[in-house]
Amino acid sequence: MTVNITDSVTWINESIAHSDFNEHVSVYLIEAETGYIVVDSGSVHHRRSISEQLQDATDDKGVDAIILSHSDYPHSGNISEFRDRWGDVELIASSGSPEIQGLQNATKCTIGGSMDVLGREFSFIDPPLADRSHTTWIYDHASRVLFTADGFGNYHQPEEEDYTSADFDNVTPFEEIYQYHRDNLVWLRYVDPGKLRDALDATLNQFEVSSVAPIHGNPIRGSDLDTYLDRLIRAADKITNEYVVA
Amino acid sequence: MAREISPGIHWLQELGPDQRDNFELRDEPPSWCTPGDTVHIPQCAYLLVGSDRTLLFDTLSPASTEKLKDEVSSILGDRSLDYVVVSHPDIPHAGNAIEMLREYPKAELVGPGYGNDHELYHLDDAMKVVEGDTIDLGDLAVEFHEAAFLDAPVFVWMTERTTETLFPVDWMGFPHLSEDELNFVDEAHHDVGVEQLLHFHARVLFWHKYVDVEKVQREIDNLIEKYNPSMIAPAHGLVIREDAVEYMEKMKDVVARIQQTGRLGIIG
Ligand SMILES: [Fe+2]
Ligand SMILES: [Fe+2]
Ligand SMILES: [Fe+2]
């Protein structure tokens, strides 16, 4: 499914099923002045569906650049497919050792820095909630959307697949935020929730965010961000309290 | 090049690119670095050749496919490979798993029984191992463990029982000089201490910046008690065969230091 997040940002959502909930493994399409940018490439699992939706959403023009959050397979799985399909697709990646990460012909972006991609400015942010060392969060200055992996996610019920935070009764539910982070960012069992909150606040103070666009969750509208954040920190607190180290 | 670190346990190392720039060596060379050397945070894989069966623990990165195949085949000679274990599906660890299974079609893929995303990593058909599961190789025997310190949920640690070797994967890595390729820590040209361990963990396991330090330190104490290893074989450093527990103790200082230094950069 494609869901418009802003005039120029479209969410192309895919999911995998777990036993009693689903997990998004999405990509986001950005229409820039001079071409189309996709944030992440999705999983090989959804290769066909993502490629076809991108083909449609770009009026058959295809994608010109990929900005990669990190090289983890569910994010990098379709880079070669996009290049086979649409030719010379530029890959922008934060990895310092792309050949070790299996990435070919990557343009390096620097975490903490900014870069112009197809006439649009992006900033690359050190993510407090991530798995791999080279993961970057990606801030699109034109739309003010912050793209995140793997943090800021949530599990969802099948009927919630296309929701943004505004479509839930009362923003993304605590339980879905908690379970997702418990299962996917395992190191949270050692977290000091105060340190995490400070880091997230610092990021959100530096960049004015219209929506947070997670790869593994429902997009969060700026007006729902405070509620989401409170639940996220409560989730972190619960995760660490449940893991007792004698 | 590979090195037999104990009878039947072979250490394969991929140095990877020179990381000097990452350490800002030009401005402020760390004490352990001599000018002119290249600095590496390697990938390590371990090939265990038991009297009955053989097992490969991790597969190096896609930049070393041919090197891995050559080294495994020259060590195995006319033996076959029975198990390919993926500690976690990160590309520099798992990048050649499919290639190795193609090369050794009878080998069984073994992966972590933790996490819930196996289908996204081609691990749905793997034999899944969790805490306490063992594979008997004859005169060697491996046991699998829930990983304490990790980056991703689909993850497993391993020990080899007869040698009391702990394979802690992404934990306890450190940068070293090219001249120390395949050297044991006690043979390295410079002492390996808190400083090198810090430079690894403050990048790769950057999340240490956000932890409750005392909780992590208690966890390390528990790991020392649980494993009490004679040898530590990390995925991103040199093998420690002397005073292994002391190096685990040093990790308690490393965690405390990261609170002051913050994140030092990225690796990978
Ligand atoms: Fe990830
Ligand atoms: Fe992910
Ligand atoms: Fe690693």
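That block above? That's the structure.
Numbers given to residues run from 1 along each chain, matching the order in which its sequence is written. In the order they appear in the text, chains get letters beginning with A and ligands get numbers beginning with 1. For a predicted model such as this one, the threshold for reporting local features is a pLDDT of at least 70, and the threshold for listing and counting side-chain atom pairs is 80 or more; totals across whole chains, interfaces and linings nevertheless cover every residue. Hydrogens are left out, water is left out, and the side-chain values use all remaining heavy atoms of the structure.

(A) Up close: the overall build of chain B. What chain B contains, in helices and strands, is six helices and 14 strands. When we talk radius of gyration, it's over C-alpha atoms, and the globule rule is simply 2.2 Å times the number of residues to the 0.38. Relative to its length of 268 residues, chain B is compact, with a C-alpha radius of gyration of 18 Å against a globular reference of 18 Å. Over its C-alpha atoms, taken along the principal directions, chain B stretches across nearly 50 × 40 × 35 Å. Across the 268 residues of chain B, 63% fall into the buried class. What makes two residues a contact is simply this: any of their non-hydrogen atoms within 4.5 Å. In chain B, 69% of the contacts between residues at least 6 apart in sequence involve partners at least 24 apart. For chain B, the computed accessible surface area is about 9700 Å², with 43% contributed by carbon and sulfur atoms. In this tally, Asp and Glu contribute negative charge and Lys and Arg positive charge; neither His nor the terminal groups of the chain are included. For this purpose, a charge sits on NZ of Lys, CZ of Arg, CG of Asp or CD of Glu. Charge separation in chain B, taken as the distance between the mean sites of 21 positive and 50 negative side-chain charges, equals 2 Å. A run of H or I in DSSP counts as a helix once it spans at least four residues, and a run of E counts as a strand once it spans at least two, with each numbered from the N terminus. For the exposure calls, accessible area comes from a 1.4 Å probe over protein chains only, and a residue counts as buried if that area is under 20% of its type's maximum, exposed if over 50%, partly exposed in between. The accessible surface values rely on the Shrake-Rupley method and a 1.4 Å probe; as for residues, cover is taken only from the protein chains in view.

(B) Region of the structure containing the coordination of the iron ion (ligand 2). All names here are of chain A. Surrounding the iron ion (ligand 2) are the protein donor atoms His 75 (NE2), Asp 150 (OD) and His 216 (NE2), at 2.1 Å. Only nitrogen, oxygen and sulfur atoms qualify as donors, provided they sit within 2.8 Å of the metal or within 3.2 Å for Na, K and Ca; with water excluded from the atoms, sites may seem incomplete. On the primary sequence, the residues serving as donors to the iron ion (ligand 2) are separated as H-x74-D-x65-H. Here the iron ion (ligand 2) and the iron ion (ligand 1) are spaced 3.3 Å apart, with Asp 150 acting as a shared donor. Taken together, the residues span a long stretch of sequence, with His 75 in helix H2 (residues 73–76) and Asp 150 in the loop between strand S13 (145–148) and strand S14 (155–156) at a distance of 75 residues.

(C) Representation of the interface of chain A and chain B within the structure. Listed per partner, the contact involves 46 residues of chain A and 49 residues of chain B. Reported buried area values correspond to the accessible surface (1.4 Å probe) lost by two parts on association, with both partners' losses combined. Among the residues chain A hides against chain B, the three largest losses belong to Tyr73(A), Ile100(A) and Tyr190(A). Together they make up 20% of the total. A pair is scored as a salt bridge if a Lys or Arg side-chain nitrogen falls within 4 Å of a carboxyl oxygen belonging to Asp or Glu. One can count four salt bridges joining chain A with chain B. Here Arg132(A) makes a salt bridge to Asp151(B), at a shortest N to O gap of 2.9 Å. N or O atoms closer than or at 3.5 Å make up a polar contact, with two conditions inside protein: a donor-capable atom paired with an acceptor-capable one, and, for residues adjacent in sequence, both atoms drawn from side chains. For the pair chain A and chain B, the interface holds 27 residue pairs in polar contact (both at pLDDT 80 or more). Going through the elements one at a time, strand S3 (15–17), H2, helix H4 (174–184) and helix H5 (193–206) of chain A are the ones with two or more residues in the side of chain A that touches chain B. Under the convention adopted here, Pro, Cys and the residues Ala, Val, Leu, Ile, Met, Phe, Trp and Tyr are nonpolar, Asp, Glu, Lys and Arg are charged, and Gly plus all remaining residues are polar. Of the residues belonging to the side of chain A that touches chain B, the class tally is 21 nonpolar, 15 polar and ten charged.

(D) Representation of the coordination of the iron ion (ligand 1) within the structure. In this structure, His70(A) (NE2), Asp72(A) (OD), Asp131(A) (OD), Asp131(A) (OD) and Asp150(A) (OD) serve as the protein donors to the iron ion (ligand 1), at separations of 2.0 to 2.8 Å. The motif formed by the donor residues of the iron ion (ligand 1), counted along the single chain, is H-x1-D-x58-D-x18-D.

(E) Molecular detail of unusual backbone geometry. Going from Ala149(A) to Asp150(A), the amide bond is cis rather than trans, its omega being -10°. Phi at Leu182(B) takes a positive value of approximately 60°, unusual for a residue other than glycine. With respect to the helices and strands, Leu182(B) occurs in the loop between strand S13 (176–177) and helix H4 (194–201). Judged by its relative accessible area of 4%, Leu182(B) is buried.

(F) Looking closely at the environment of Leu55(B). Residue and element names in this part refer to chain B. Tracing the chain through its elements places Leu 55 in strand S5 (residues 54–57). Between the alpha carbons of Leu 55 and Arg 218 there is a distance of 33 Å; along the sequence they are 163 residues apart. Those residues in contact with Leu 55, other than ones at most four positions away along the chain, are Tyr 46, Leu 47, Leu 48, Leu 81, Tyr 83, Val 85, Ile 135, Leu 137, Val 142 and Met 158.

(G) Structural detail: H4(A). Residue and element names in this part refer to chain A. Most of H4 is tucked away: nine of the eleven residues are buried. Among the residues of H4, Phe 174, Glu 176, Ile 177, Tyr 178, Gln 179, Tyr 180, His 181, Asp 183 and Asn 184 are the ones counted as buried. The inward-facing, buried residues of H4 contact strand S4 (22–24), S14 and helix H6 (225–242).

(H) Focus on the pairing of strand S12 (residues 137–140) of chain A. All names here are of chain A. The alternating pattern of S12 places Trp 137 and Tyr 139 on one face and Ile 138 and Asp 140 on the opposite face, and all of these are buried. The pairing criterion is simple: DSSP has to find at least two bridges between the two strands. Where S12 lies against S13, three bridges are found, and the strand directions are antiparallel. Bridge pairing links Ile 138 to Phe 147 in S13. The turn joining S12 and S13, which pair antiparallel and follow one another in sequence, is formed by four residues; a positive phi near 60° is taken by Arg 144.

(I) Just the pairing of strand S11 (residues 157–160) of chain B, in detail. Residue and element names in this part refer to chain B. Of the two faces of S11, the one holding Trp 157 and Thr 159 and the one holding Met 158 and Glu 160 are both buried throughout. Here strand S10 (residues 141–145) runs beside S11; their pairing, made up of four bridges, is antiparallel. Across the sheet, residue Val 142 finds its bridge partner in S11, namely Glu 160. Pairing of S11 with strand S12 (residues 165–167), which is carried by three bridges, proceeds in the antiparallel orientation. Across the sheet, Thr 159 pairs through a bridge with Leu 166, a residue of S12. Between S11 and S12, which follow one another and run antiparallel, lie four residues, and Glu 164 among them has a positive phi close to 50°.

Any functional reading would require information that these geometric values do not contain.
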